[in-house]
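Working through the structure, step by step
Residues per chain, in single letters:
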Amino acid sequence: MVTTYRLVMRGGPTVGKSFSLEKNEIFIGRDLSNDIVINDGEISRRHTRLFLQGSNYVVEDLGSTNGTSVNGQRLMGPYILRPGEVVTLGEHVNMVFEAVQTDPDATVASSMPRAPAPAQPAPQPIPQPIPQPYQPAPMPSPPPPQPDYSGQVPMPPEPAPIQPPKKKFPWVIVIIVVVLLIICICVGALIFIDQTNSWCSIFGPILNIFTPGVCS
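Keep in mind that what you see is a predicted model, and the values were worked out from it rather than measured.

From N to C terminus, the protein chain includes 2 helices and 12 strands. Considering the protein chain as a whole, with its 216 residues, one finds that 22% of them fall into the buried category. Summarising the internal contacts of the protein chain: among those between residues at least 6 apart in sequence, 36% fall at separations of at least 24.

Structure (structure tokens):
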């Protein structure tokens, strides 16, 4: 059995296309001078290099703009590829590295067997709802009876009459009248005393206190 290698595009402009690796050094890029030409805007003119080291291929990024990754990890240097690993150029161009075993006596080449996909569990039947016997919808209850009005609508009660405030007795006026009467009496008495010259007969003792001998 003879083992050869190839790259199969799983994502990119030509999905499903296979590229056989038959040289010791292979260049991948957008330029037509590369061994594998990929016409995609994310691919640099000379993007990636593959070279044979012993019986293994080594992948190396050539300083491309969008980088080269293996299994989602961006390359920081040369990396030895193993069958089944995914080489990503940029972000969307994915290529699977495969080993192919060829029988020199046979005309059909077969790739290395892959692990069978895990069996999917059988779908469970969806339980159907159990039909329920028909039940009539309940009848709506009648509205409560409204009271009957006979005659006219009763008028609201009339407001109570407002009582006028009680008048207070004019005590101030009475006091003023009394004071005026007292003043008038005093003035009249003084005029009478002055005209009758009876100061000394009435206020003699008091006047003699302040002015001795005035009423002697």
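On we go.
Within a sheet, neighbouring strands are paired by backbone hydrogen bonds and run either parallel or antiparallel to one another. With mixed pairing, 5 strands are arranged side by side in an open sheet as β4-β3-β5-β6-β9. Lying at the two open borders of the sheet, with one neighbouring strand each, are β4 (36-37) and β9 (79-80).

Sheet analysis places strand β1 (residues 2-11) next to strand β11 (residues 93-102), joined by 9 bridges and oriented antiparallel. Note on β11: the bridge partner recorded for Gly-11 is Asn-94. Between β1 and strand β2 (residues 18-21), which pair antiparallel in sequence order, lie 6 residues; one of them, Gly-12, sits at a positive phi of approximately 150°.

Take unusual backbone geometry next. The phi dihedral of Asn-71 is positive, around 55°, even though this residue is not glycine. Its place among the elements puts Asn-71 in the loop between β7 (68-70) and β8 (73-74). Using a relative accessible area of 44% as the deciding quantity, one classes Asn-71 as partly exposed.

In this section: the packing of aromatic side chains. Applying the stated rule across the entire model yields 2 aromatic pairs. Between Tyr-5 and Phe-97, the ring centres sit 5.1 Å apart and the planes meet at 10°, which makes this aromatic pair stacked. Here the residue Tyr-5 occupies a position in strand β1, and Phe-97 occupies one in strand β11, the gap between them amounting to 92 residues. Ring pairing ties together the aromatic residues Tyr-5, Tyr-57 and Phe-97, which thus form one cluster.

Cut-offs applied
- Residues numbered from 1 in each chain as written.
- Predicted model: local features only at pLDDT ≥ 70, side-chain atom pairs only at ≥ 80, totals over all residues.
- Heavy atoms only, no water.
- Helix = DSSP H or I, 4+ residues; strand = E, 2+ residues; numbered from the N terminus.
- Buried < 20%, exposed > 50% of the residue type's maximum accessible area, 1.4 Å probe, protein only.
- Contact = heavy atoms within 4.5 Å.
- Pairing = 2+ DSSP bridges.
- Phe/Tyr/Trp six-rings, centres within 6.5 Å; stacked < 30°, edge-to-face > 60°.

Interpretation note: all reported values are geometric properties and have no functional meaning in isolation.
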